[in-house]
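Residue-level structural notes
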Amino acid sequence: YSPFGYSPFGYSPFGYPYGYNGYRGVSKLQVQMEAIRADYRDKIKSARHDKSLERQHRKKIIRGLKSDRDKSLQDAKANYYKPRKTNQDPATTG
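Notes on the structure follow. Bear in mind that the values here come from a model prediction, so they are computed numbers and not experimental data.

Scoring rules and cut-offs
Residues numbered from 1 in each chain as written. Predicted model: local features only at pLDDT ≥ 70, side-chain atom pairs only at ≥ 80, totals over all residues. Heavy atoms only, no water. Helix = DSSP H or I, 4+ residues; strand = E, 2+ residues; numbered from the N terminus. Buried < 20%, exposed > 50% of the residue type's maximum accessible area, 1.4 Å probe, protein only. Contact = heavy atoms within 4.5 Å. Areas by Shrake-Rupley, 256 points an atom, 1.4 Å probe, with all protein chains shown as cover. Phe/Tyr/Trp six-rings, centres within 6.5 Å; stacked < 30°, edge-to-face > 60°. Lys NZ or Arg CZ within 6 Å of the ring centre and 35° of its normal. Salt bridge = Lys/Arg side-chain N within 4 Å of Asp/Glu carboxyl O. Axes fitted to C-alpha atoms, helices over the stretch in contact; angles between N-to-C directions. Parallel < 35°, antiparallel > 145°, perpendicular 65-115°, else oblique. Nonpolar A, V, L, I, M, F, W, Y, C, P; charged D, E, K, R; others polar. Core = buried A, V, L, I, M, F, W, Y, C linked by side-chain atoms within 4.5 Å.

1. Concerning the overall build of the protein chain
On a plain count of helices and strands, the protein chain comes out with 2 helices and 0 strands. Evaluated residue by residue, the protein chain yields a buried proportion of 15% over its 94 residues. Partitioning the contacts of the protein chain with sequence separation of at least 6, the portion at a separation of at least 24 is 44%. Looking at the protein chain as shown, the accessible area adds up to about 8600 Å², and 53% of this sits on carbon and sulfur atoms.

2. With respect to the packing of aromatic side chains
Here the structure, examined in full by the defined rule, presents 1 aromatic pair. Ring centres of Tyr-80 and Tyr-81 lie 5.1 Å apart, and the angle between their planes is 85°; this geometry places the pair in the edge-to-face category. Take Tyr-81: its relative accessible area is 58%, and that puts it in the exposed class. Stacked on the ring of Tyr-40, the Lys or Arg Lys-43 has its end atom at 4.9 Å from the ring centre.

3. Considerations on the pattern of salt bridges
Pairs can form between side chains of opposite charge once their charged atoms are near each other. Evaluation of the coordinates by the stated rule reveals 5 salt bridges. The partner of Arg-37 in a salt bridge is Glu-34, with the nearest N and O atoms 3.8 Å apart. Here Arg-37 and its partner Glu-34 are both found in helix 1 (residues 28-48), 3 residues apart, which amounts to about one turn of the helix. The class of Arg-37 is partly exposed, set by a relative accessible area of 33%. For the salt bridge of Asp-70 with Arg-69, the shortest nitrogen-to-oxygen distance reads 3.5 Å. On the basis of relative accessible area, Asp-70 is assigned to the partly exposed category, the value being 37%. A single salt-bridge network, built from bridges that share partners, covers Glu-34, Arg-37 and Arg-41.

4. Overview of the packing of helix 1 against helix 2 (residues 55-81)
Contact geometry for helix 1 and helix 2: axes closest at 10 Å, N-to-C directions at 170°. Classified by the angle between their axes, helix 1 and helix 2 sit roughly antiparallel to one another. Among the residues making up the contact of helix 1 with helix 2, the classes are represented as 13 nonpolar, 2 polar and 9 charged.

5. A short note on the nonpolar core
Membership of the largest hydrophobic core is limited to 10 residues, which are Leu-29, Met-33, Ile-36, Tyr-40, Ile-44, Ala-47, Ile-62, Leu-65, Leu-73 and Ala-76. Listing elements by their share of this core, those giving two or more residues are helix 1 and helix 2. The leading source of residues in this core is helix 1, at 6 residues. With near-sequence residues (within four places) excluded, Ile-36 lies in contact with Arg-69, Ser-72, Leu-73 and Ala-76.

Everything listed here is a matter of geometry and, on its own, says nothing about what the molecule does.
As structure tokens, this is what we get:
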């Protein structure tokens, strides 16, 4: 315990390092994936509650939406980690 309200060892009096607030930033990938999930969640819910369609047709639509959602999530993850190409014209370099 320090009478001055701070620790000489780089930790706050509460046991956490200075500058640590327990919050980690959200990446663009996480935001994009959550948006995709929310979009497909809404589409699936509306398809599930559409009673004008036969049950088998409704289930087929829902299965298709779920597979589309999974593919969209995989594509988003692949595009996020794919290295970015620069737009350099080979004629102007060199």
